[in-house]
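# Architecture and fold: a report
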Amino acid sequence: SSDLLAYIIQNALTLVLAILYLRLSKNIAHYRILQFRLHRNWALLRRMFTLGWPIVVQTAGDLVTFFIMTLMIGWLGKIPLAASQVSSQFFLLLVIPIFALQQTSGILVSQAYGEKQFSLINRVSHMVLYVGLVFALFVAALFIFFPHVLINAYLATRHFENPAMIQLAIYLMMLTGLRVFFDTIVQIKTGSLRGLFDTRKPMFI
């Protein structure tokens with residue numbers, strides 16, 4: 001319950017600060033983002049829904065898949081579930097920079113598309129992908145060649161004696177390294193497509 005309370009407080013403070021920023025920032029205030037004028041923007045709302053629902057379905061599909069995978073691992077026993085949680089926690093931590101690159105790709109591609117700088121779209125998409133691949137290769141190398149270092153930091157194995165779980169966690173960390181590499185490519189290209197207002201094809205894929 002304390003974790004949930006802390007999460008609620010964190011999000012409440014974030015909301016208050018975001019509202020203050022939108023109201024007080026000189027660069028943003030004149031857009032009147034917080035002014036209620038829904039009745040004049042039904043066409044825009046419909047367009048937002050058309051673009052947004054495939055993203056919801058895609059994200060929900062990813063989360064449901066992750067939930068089912070964790071549930072099935074739990075059926076295998078406590079040791080596989082514990083080993084999976086170790087690798088999953090590191091993956092969730094490192095997926096944040098991947099999401100940042102995805103958003104960066106989408107914003108820059110959409111800006112170039114809006115300015116009709118079509119040659120820039122290709123350059124931006126490739127540059128963000130190159131940055132992502134460098135990050136993914138570094139993470140993959142860390143997970144594949146030094147999984148025991150990460151596991152030791154997570155478990156404090158001097159006080160934790162379960163060789164079977166640690167060995168399984170090492171294998172899963174290696175596989176997670178490969179997963180990060182491929183997931184980086186998928187997420188960045190998905191962001192580029194969203195910048196071109198294409199959200200349905202990534203959803204179906």
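Residues numbered from 1 in each chain as written. Predicted model: local features only at pLDDT ≥ 70, side-chain atom pairs only at ≥ 80, totals over all residues. Heavy atoms only, no water.

Quick look at the overall build of the chain now. A count of helices and strands for the chain gives 7 helices and 0 strands. Ordered by position from N to C terminus, the α and β elements of the chain give α-α-α-α-α-α-α. The C-alpha atoms of the chain give a radius of gyration of 21 Å, which is well past the 17 Å a tight globule of 205 residues would have. With the principal axes as the frame, the chain shows a C-alpha extent of 65 × 45 × 30 Å. Within the chain, the fraction of its 205 residues that count as buried is 28%. (Helix = DSSP H or I, 4+ residues; strand = E, 2+ residues; numbered from the N terminus. Rg over C-alpha atoms; globule rule 2.2 N^0.38 Å. Buried < 20%, exposed > 50% of the residue type's maximum accessible area, 1.4 Å probe, protein only.)

Moving on, we come to the pattern of salt bridges. Per the counting criterion, the structure on display carries 1 salt bridge. Note that Lys201 and Asp198 form a salt bridge whose closest N and O atoms lie 3.9 Å from each other. For Lys201, a relative accessible area of 55% corresponds to the exposed category. In this structure Asp198 comes out as buried when scored by relative accessible area, which is 18%. (Salt bridge = Lys/Arg side-chain N within 4 Å of Asp/Glu carboxyl O.)

Further remarks concern the side chain of Gln187. Along the polypeptide, Gln187 turns up in helix H6 (residues 163-195). Overall, the relative accessible area of 10% leaves Gln187 in the buried class. Polar contacts involving the side chain of Gln187 include one to the side chain of Gln102, which spans 2.7 Å. Apart from the residues lying within four places of it in its own chain, the contact partners of Gln187 are Ile98, Phe99 and Gln102. (Polar contact = N/O pair within 3.5 Å; in protein donor to acceptor, adjacent residues only side chain to side chain. Contact = heavy atoms within 4.5 Å.)

Here the chain averages 89 in pLDDT, while 96% of its residues score no lower than 70. Predicted confidence in the chain is weakest over helix H5 (residues 147-155), with a mean pLDDT of 84, and strongest over helix H7 (residues 200-204), with 94. (pLDDT = per-residue confidence, 0-100.)

Before going further, it helps to examine unusual backbone geometry. Despite not being glycine, Lys116 shows a phi value in the positive range, around 60°. Tracing the sequence through the fold places Lys116 in the loop between helix H3 (78-114) and helix H4 (118-145). A positive phi angle, close to 65°, is found at Phe197, a residue other than glycine.

Note that Thr184 resides in helix H6. Setting aside chain neighbours within four positions, we find Thr184 in contact with Ile98, Gly132, Leu133 and Ala136.

Ranked by size, the top nonpolar core spans 19 residues in total, and within it Phe90, Val139, Phe143, Ile151, Leu155 and Met173 carry the most contacts. Of all the secondary structure elements, the ones that give two or more residues to this core are H3, H4, H5 and H6. With 7 residues, H3 is the single largest residue contributor to this core. Setting aside residues up to four positions removed in sequence, Met173 forms contacts with Ser87, Phe90, Phe143, Pro147, Leu150 and Ile151. Core analysis: the next-biggest nonpolar cluster, separate from the first, contains 8 residues, Val109, Val128, Leu129 and Ile188 among them. (Core = buried A, V, L, I, M, F, W, Y, C linked by side-chain atoms within 4.5 Å.)

With that out of the way, let us pick up a nonpolar patch on the surface. A cluster of nonpolar residues, Val64, Phe67, Ile68, Leu71, Met72 and Trp75, forms a patch on the protein surface that exposes about 650 Å² of accessible area. Relative to the helices and strands, Trp75 resides in helix H2 (residues 42-76). What makes Trp75 exposed here is its relative accessible area of 65%. (Patch = residues over 30% accessible without salt bridge, like charges linked within 9 Å, V, L, I, M, F, W, Y side chains within 5 Å. Areas by Shrake-Rupley, 256 points an atom, 1.4 Å probe, with all protein chains shown as cover.)

If you check H6, its first and last C-alpha atoms are 47 Å apart, about what 33 residues at 1.5 Å a residue would give, namely 48 Å. Phe197 sits one or two residues past H6 and shows a positive phi near 65°. (Expected span 1.5 Å × (residues − 1).)

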